[in-house]
Amino acid sequence: MTITPVLLCGGSGTRLWPLSRKSYPKQFVPLVGDHTLFQTTASRLAGSEYAAPLVLTNSDFRFIVTEQLAEMGIDPGAVLIEPEGRNTAPAVLAAALWLEKTDPDALMLVSPSDHVIPDGPAFQAAVAQGATAARDGKIITFGITPTHPETGYGYLELTQAVDAADGPVIPLKQFVEKPDAEAAATLVASGCHLWNAGIFLFSVKTILAAFKAHAAQLIAPVSQAVEAAKPDLGFLRLAPEPWAKADDISIDYAVMEHADNLAVVPFGAGWSDLGGWDAVWRETVQDERGVAVSGAATAIDCDNTLLRSEDPRLEVVGIGLQNILAVAMPDAVLIADASRAQDVKLAVSELRAKSAVQAEAFPKDHRPWGWFESLVIGERFQVKRIMVHPGGSLSLQSHHHRSEHWIVVEGTARVTVDEEVKLVTENQSVYIPLGAVHRMENPGKVPMVLIEVQTGTYLGEDDIIRYEDIYARS
């Protein structure tokens, strides 16, 4: 019986703004180490005991998912596209219904894709520890040995004290909501409570039976969404109309808090959900004064501070700081007291209220063919840097309000302008008149980079008329 990783990657991670945003959330960013959280999660759940991962994401992230898996040499199984976010219960149910048709005897290992677990082999050993009980009909959850009284996590109360950080499966007594500081200290001292990691292991048959018993109202709409799903360039789009009728509810509230067949595998080899910049600080290498720096950052006479620059052109310098979180992006800077890390989401709400583009939009706009970023924006002009993957192609398109001038600075572009098709190499340029039907492609084996200068009365991304598109965008 194989174990199928079910990777959930549709969240927005607002507490890690400005690096994590709605258009490019934290799971796709290299927050800790050289690879993204999504990539390290997929790698951690790979091996002879594991089937190809089943991924649930949204339409905006579908190409990011496959691109990042390809970079790690991992071929995904099904990639299910959620028409809209309905929380984790409908997502898990959709995965189970899909596996019921394709691998009904499988075990499902449901995991968020934005957690840090440094010791992958230890976690695989914990999964193996729980697999036998999961095959016997138990719903397994993984409890993290607390390192401090944390108020940002829910807890798992066990039927007995945990004698070791890692150990045998223990029956779950109950879930405990996120406590206040005093209650958290009491829970940690009891020895019977672990952090709830939100990672689950169960068989397809067991979880479907649990949904029928405790969340039957979800069965019809999610089943209809799976049955009416449509293939789309290797992805599977769940049907939007029945999906919209499913309750917006977490798997914890819908099923787990009602089930009587739950058990816990204790895990003490290190874990973090990176739920705030304070957590990132804890997971980043620190000096003897508790200072963690990343990128173009310099600390002078600082204590217990995180300094992080995400742009090599932007040097962050801290002098005499204590308990400060400072994160700089090309378009936004966060400075906060470490004790207020959980309040970063309030900043996102404030920025949304004032319609600041930085609230949700990432400086680099990722597309199926690559990415672009705006370098300079004026009243009637804009300068962009555009990167196109090998084999990538922008849509055949035209614009009502702008003309464009392309200058290739790396690689070779194949450019279509009306009836003319030609190769444009480094240090060559081409002009796209207003209204011309045009396309840009990368026929080479290395990334192609060009500088685009737009001029016109309106420069918005919605001024695009698409005629053909290999990525099936409308």
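Residues numbered from 1 in each chain as written. Predicted model: local features only at pLDDT ≥ 70, side-chain atom pairs only at ≥ 80, totals over all residues. Heavy atoms only, no water.

As recorded in an unreviewed UniProt entry, the protein chain goes by the name mannose-1-phosphate guanylyltransferase, listed as coming from Yoonia rhodophyticola. The UniProt entry for the protein chain carries the following comment under Sequence similarities (unreviewed entry): "Belongs to the mannose-6-phosphate isomerase type 2 family." If you open the UniProt record of the protein chain and go to Catalytic activity (unreviewed entry), you find "alpha-D-mannose 1-phosphate + GTP + H(+) = GDP-alpha-D-mannose + diphosphate". (UniProt positions renumbered as here; feature names shortened; annotations may be inferred.)

1. Observations concerning the overall build of the protein chain
A tally of regular secondary structure across the protein chain gives 11 helices and 28 strands. The globule rule puts the C-alpha radius of gyration for 474 residues at 23 Å, and the 24 Å found for the protein chain is close to it. The principal-axis extent of the C-alpha atoms belonging to the protein chain is close to 75 × 60 × 40 Å. Looking at the 474 residues of the protein chain, the share that counts as buried comes to 51%. Within the protein chain, contacts between residues separated by at least 24 positions form 70% of all contacts whose residues are at least 6 apart in sequence. On the protein chain, roughly 20900 Å² of surface is accessible, and the fraction owed to carbon and sulfur atoms is 52%. Treating the 37 positive side-chain charges of the protein chain as one cloud and the 60 negative ones as another, the clouds have centres 4 Å apart. (Helix = DSSP H or I, 4+ residues; strand = E, 2+ residues; numbered from the N terminus. Rg over C-alpha atoms; globule rule 2.2 N^0.38 Å. Buried < 20%, exposed > 50% of the residue type's maximum accessible area, 1.4 Å probe, protein only. Contact = heavy atoms within 4.5 Å. Areas by Shrake-Rupley, 256 points an atom, 1.4 Å probe, with all protein chains shown as cover. Lys, Arg positive; Asp, Glu negative; His and termini not counted. Charge placed at Lys NZ, Arg CZ, Asp CG, Glu CD.)

2. Comments concerning a nonpolar patch on the surface
Together, Ile300, Val317 and Ile319 line one region of the surface with nonpolar side chains, adding up to about 290 Å² of accessible area. On the secondary structure map, isoleucine 300 appears in strand β13 (residues 297-300). (Patch = residues over 30% accessible without salt bridge, like charges linked within 9 Å, V, L, I, M, F, W, Y side chains within 5 Å. Salt bridge = Lys/Arg side-chain N within 4 Å of Asp/Glu carboxyl O.)

3. Remarks on the sheet that holds strand β18 (residues 364-367)
On the basis of which strands lie adjacent, the open sheet formed by six strands has the order β18-β19-β20-β27-β22-β25 and antiparallel pairing. Each edge of the sheet is formed by a strand with only one pairing partner; in this case those strands are β18 and β25 (429-432). Geometrically, the sheet is characterised by an average inter-axis angle of 20 degrees between neighbouring strands, direction not taken into account. In this structure, β18 lies alongside strand β19 (residues 370-377), joined through four bridges in antiparallel fashion. Across the sheet, lysine 364 pairs through a bridge with glutamate 373, a residue of β19. (Pairing = 2+ DSSP bridges. Axes fitted to C-alpha atoms, helices over the stretch in contact; angles between N-to-C directions.)

4. Regarding the packing of helix α3 (residues 88-102) against helix α7 (residues 219-227)
Here α3 crosses α7 at 55 degrees, and the two axes come no closer than 9 Å. As the angle between them shows, α3 and α7 are arranged oblique. Where α3 crosses over α7, the handedness of that crossing is right-handed. Of the residues in α7, those in contact with Pro90, Leu93, Ala94, Leu97, Trp98 and Lys101 of α3 are Ile219, Val222, Ser223, Val226 and Glu227. Among the residues making up the contact of α3 with α7, the classes are represented as eight nonpolar, one polar and two charged. (Parallel < 35°, antiparallel > 145°, perpendicular 65-115°, else oblique. Left-handed = near helix turned anticlockwise from the far one by under 90°. Nonpolar A, V, L, I, M, F, W, Y, C, P; charged D, E, K, R; others polar.)

5. Observations regarding the environment of isoleucine 207
Mapping isoleucine 207 onto the fold places it in helix α6 (residues 204-214). Counting along the chain gives 69 residues from isoleucine 207 to lysine 138, while the straight-line C-alpha distance between them is 9.3 Å. Excluding its chain neighbours within four sequence positions, the residues that come into contact with isoleucine 207 are Val92, Ala96, Met108, Ile139, Phe202, Val255 and Met256.

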